[in-house]
Amino acid sequence: MQKIVEFIEEKKQEFAKLPLFEILANKHINPNQRLIFAPVLDPLAVGLSDLNKYVLRESSSNNKIQELVNKYTYKKNYHWHGYLEHLETLRFNQLMSYGDFRLLWGEETKKTRSLCSALECYAFQASPIQKLVLVEVLEGTATVFFEAALAVVMELQQITKKEYVYLGGGYVSLENHHLLNTPEMLQVLAEIQLTDPERQAALELAQNVFELFTEAMNELFAHSQTNSCNTVLQVSSISAFDRAFDCLDIC
């Protein structure tokens, strides 16, 4: 199992180098502009709740690995509430009409929109080991995403004096202890012995899920490049800093 853990960590480091995270780190772009893709995450943020409740979780199982996966699903299940609150605080709910869904169900957002469905296909009737691998990839990609978003949110909070729970400190405080970092999980991993076919299947699953998330992040990057509230600025400029407030009022 250690080989799989190391593989996931390698893929996580590759994932962190995607263009979306470079944009999030670029302080020459207004923070609201860097997070302009937030509404596109609607289907993913809400869909993960169903993935946890109805696919990953098996409450009646007495398998030790499945029980750990179950704990993960209960911990994650309420995060979509924070996401919706986050959109309201960012005032992104004013950017679109939910009467026509052209943004959420258009061609430019199909990868992000279908991500949960693809994850459900991988998780449906998967073994506890495979579900564990899936959970660890979910944790790895979420860590990269939210750490990058947190830096932007901290900038926004300095400007607006508001707290953004889902992408800000509230989420990170919930995520201080990931599944792999608990003593219980480390002990379980040390005891797991996989056959060669099991190991190969687990590695392929991790690879495939990272590819799905990579495609979604690249789609969000493209969205951020083609949608703008005219917020590109030099943060060192006082006049540009004043314009940040104008953009925040618009967005």
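Keep in mind that what you see is a predicted model, and the values were worked out from it rather than measured. (Residues numbered from 1 in each chain as written. Predicted model: local features only at pLDDT ≥ 70, side-chain atom pairs only at ≥ 80, totals over all residues. Heavy atoms only, no water.)

1. A look at the overall build of the chain
Okay, so step 1: Scanning the chain from terminus to terminus reveals 12 helices and 0 strands.
Okay, so step 2: When the helices and strands of the chain are placed in sequence order, the string is α-α-α-α-α-α-α-α-α-α-α-α.
Okay, so step 3: Counting every position in the chain, which comprises 251 residues, the buried fraction comes to 51%.
Okay, so step 4: Within the chain, counting contacts between residues at least 6 apart in sequence, those at least 24 apart form 80% of the total.
Okay, so step 5: A total accessible area of about 12600 Å² is found for the chain, and carbon and sulfur atoms account for 54% of it. (Helix = DSSP H or I, 4+ residues; strand = E, 2+ residues; numbered from the N terminus. Buried < 20%, exposed > 50% of the residue type's maximum accessible area, 1.4 Å probe, protein only. Contact = heavy atoms within 4.5 Å. Areas by Shrake-Rupley, 256 points an atom, 1.4 Å probe, with all protein chains shown as cover.)

2. Examining the nonpolar core
Okay, so step 1: Ranked by internal contacts, the top residues of the largest apolar core, which has 58 residues, are Phe21, Leu56, Leu119, Phe145, Ile192 and Met217.
Okay, so step 2: Listing elements by their share of this core, those giving two or more residues are α1 (2–15), α2 (19–24), α4 (42–56), α5 (64–76), α7 (110–123), α8 (128–160), α10 (183–191) and α11 (196–226).
Okay, so step 3: With 16 residues, α8 is the largest single contributor of residues to this core. (Core = buried A, V, L, I, M, F, W, Y, C linked by side-chain atoms within 4.5 Å.)

3. With respect to the packing of α8 against α11
Okay, so step 1: Two elements in contact, α8 and α11, have axes whose closest approach is 9 Å; the angle formed by their N-to-C orientations is 30°. As α8 packs across α11, the resulting crossing turns out to be right-handed. Taken together, the residues of α11 that come into contact with α8 (itself represented by Gln130, Val133, Leu134, Val137, Leu138, Thr141 and Phe145) are Ala201, Ala202, Leu205, Ala206, Val209, Phe210, Phe213 and Met217.
Okay, so step 2: The residue inventory of the contact of α8 with α11, partitioned by class, reads 13 nonpolar, 2 polar and no charged. (Axes fitted to C-alpha atoms, helices over the stretch in contact; angles between N-to-C directions. Left-handed = near helix turned anticlockwise from the far one by under 90°. Nonpolar A, V, L, I, M, F, W, Y, C, P; charged D, E, K, R; others polar.)

4. Quick look at the environment of serine 60
Okay, so step 1: Locating serine 60 in the fold gives a position in the loop between α4 and α5.
Okay, so step 2: For the pair serine 60 and asparagine 70, spaced 10 residues apart in sequence, the C-alpha to C-alpha distance is 10.0 Å.

5. Examining the packing of α1 against α11
Okay, so step 1: Between α1 and α11, the least distance of the axes is 10 Å, while the angle of their chain directions is 15°. Between α1 and α11, the angle falls in the class roughly parallel. Handedness of the α1/α11 crossing: right-handed. Counted together, Lys3, Ile4, Phe7, Ile8, Lys11, Lys12 and Phe15 of α1 and Arg199, Ala202, Leu203, Ala206, Gln207, Phe210, Phe213, Thr214 and Met217 of α11 form the full contact between these two elements.
Okay, so step 2: For the contact of α1 with α11, the per-class residue count stands at 10 nonpolar, 2 polar and 4 charged. (Parallel < 35°, antiparallel > 145°, perpendicular 65-115°, else oblique.)

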